[in-house]
Amino acid sequence: MSAARAPDASIRQLVGVVVILLTGVMAVLLSGCAERSPMASHSGRVPVEVWTIEDWSHVPVRLTSPDARPGTFLDARAIVADARGRIHVSDAGRHAILYADPHADRPLEWSILGGPGADQGQFMAPEGLDVDAGSILGVADTGNGRIQRFTRGGAIMEIIQMEPRMPADVRYVQALADGTLFILTDTEPFLFRMDRIREQVSPVYLVEQAMPVDMARFGNGLAVLDASGTLHVLSSAGVTVRRLTGIPFIFIDPIQSGLIARTGPVLWVFNARLEPVEAWQLPDSMDSRGAAVSGADLLVISRTHLHRLP
């Protein structure tokens with residue numbers, strides 16, 4: 001009899017171990033979804049560098065196209081820098097993307113991609129921009145209800161029409177390393193995930209959702225900012241793994257090893273653990289709409305100007 005019961009006892013012990021392990025895993029997963037503040041988790045104080053409007057240099061918009069009107073942006077909406085430092089700005093007023101390679105010893109010379117229209121390579125009021133690790137440029141062609149993606153040389157890679165699978169009012173697009181696209185629109189349910197072969201589209205719902213207003217690539221996943229100022233960190237599958245509350249974020253942008261974000265008058269740089277590592281206080285009069293890091297330069301766009309730290 002005792003020999004017959006021995007396997008049963010071993011099975012019960014094994015089941016007990018599995019239950020304990022699963023309980024521990026669930027506890028870790030649930031704690032990952034808890035609200036956390038990077039300010040609370042960061043032990044040291046972050047010095048804030050205060051800049052006045054006189055400290056910032058305006059980078060003139062000198063266009064290489066002979067038929068374009070030079071001077072300033074007409075209505076800058078977003079800025080990104082690729083892995084090699086090339087800067088891209090969407091100008092909804094020009095219905096074009098302006099891009100420039102940085103030069104330390106001379107002003108930027110801006111080239112123009114696109115122009116007003118609905119043909120391939122043209123735009124109507126473009127807004128959000130994205131560059132992936134391969135320097136593929138994604139453009140939310142808002143007025144035309146589509147996304148266009150380009151090689152670094154300006155050749156069309158793909159055009160993704162929003163309707164009928166998604167609302168037409170696309171504002172932002174982010175491509176992850178595995179080819180997954182996340183698309184943010186102004187119409188509920190707002191946020192969508194598209195698989196790498198562009199066949200399946202599914203809505204993404206945030207935990208305790210307020211309207212998403214901005215997003216940025218973060219590690220292998222995505223950071224999404226909602227209208228309440230909460231930052232949601234999502235996996236590549238669109239599952240919330242972390243939330244940060246208590247900081248009134250205004251916009252977020254991706255950088256190579258973290259995020260750059262504005263909260264009130266302060267521009268913060270967060271590392272890969274979402275701890276603040278640098279901060280600058282912006283001039284009150286600056287209408288900042290986005291930020292990017294190109295080489296050693298911190299660049300911020302307002303509606304009409306590109307600003308660069310001295």
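Residues numbered from 1 in each chain as written. Predicted model: local features only at pLDDT ≥ 70, side-chain atom pairs only at ≥ 80, totals over all residues. Heavy atoms only, no water.

A. Geometry of the layout of surface pockets. Empty space within the largest pocket amounts to approximately 750 Å³. Val131, Asp132, Arg217, Ile255 and Gln256 are the residues nearest the centre of the largest pocket, which is lined by 30 residues in total. Only strand S5 (76–81), strand S9 (129–131), strand S17 (212–218), strand S21 (249–255) and strand S25 (290–294) provide two or more residues apiece to the lining of the largest pocket. Classifying every residue of the lining of the largest pocket by side-chain character gives 15 nonpolar, 9 polar and 6 charged. Roughly 240 Å³ of internal volume is contained in the second largest pocket. Elements with a minimum of two residues in the lining of the second largest pocket: S5, strand S13 (170–175), S17 and S21. Counting residues per element, the lining of the second largest pocket draws most heavily on S21, which supplies 5 residues. Of the residues that constitute the lining of the second largest pocket, the class distribution is 12 nonpolar, 2 polar and 6 charged. (1 Å grid on protein atoms, 1.4 Å probe; cavity = no way out; pocket = protein on both sides within 12 Å on 5 of 7 lines; lining within 4 Å. Points joined across faces, edges and corners; volume = space filled by probe spheres on them. Helix = DSSP H or I, 4+ residues; strand = E, 2+ residues; numbered from the N terminus. Nonpolar A, V, L, I, M, F, W, Y, C, P; charged D, E, K, R; others polar.)

B. Local environment of the sheet that holds strand S11 (residues 146–150). Taken together, 4 strands build an open sheet; the order of strands is S9-S10-S11-S12 and the sheet is antiparallel. Two strands close off the open sheet at either side, each with one partner strand: S9 and strand S12 (156–161). The sheet shows a mean angle of 15 degrees between the axes of neighbouring strands, taken without regard to direction. Pairing between S9 and strand S10 (residues 137–141): 3 bridges, direction antiparallel. Counted as the bridge partner of valine 131 is leucine 137 from S10. (Pairing = 2+ DSSP bridges. Axes fitted to C-alpha atoms, helices over the stretch in contact; angles between N-to-C directions.)

C. Quick look at the environment of glycine 246. Counting through the fold element by element, glycine 246 comes out in the loop between strand S20 (240–244) and S21. In the structure, glycine 246 is positioned 17 residues away from glycine 229 in sequence and 7.9 Å away in space, judged by C-alpha atoms.

D. The arrangement of unusual backbone geometry in detail. Cis rather than trans, the peptide bond between glutamate 163 and proline 164 has omega equal to 5 degrees. Residue proline 189 follows glutamate 188 across a cis peptide bond; omega there is 10 degrees. By the secondary structure assignment, proline 189 is in the loop between strand S14 (181–185) and strand S15 (191–194). The phi angle at alanine 125 is positive, at roughly 50 degrees, despite the residue not being glycine. Tracing the backbone shows alanine 125 in the loop between strand S8 (109–114) and S9. Non-glycine residue arginine 198 carries a positive phi angle of around 65 degrees. Along the polypeptide, arginine 198 turns up in the loop between S15 and strand S16 (201–203).

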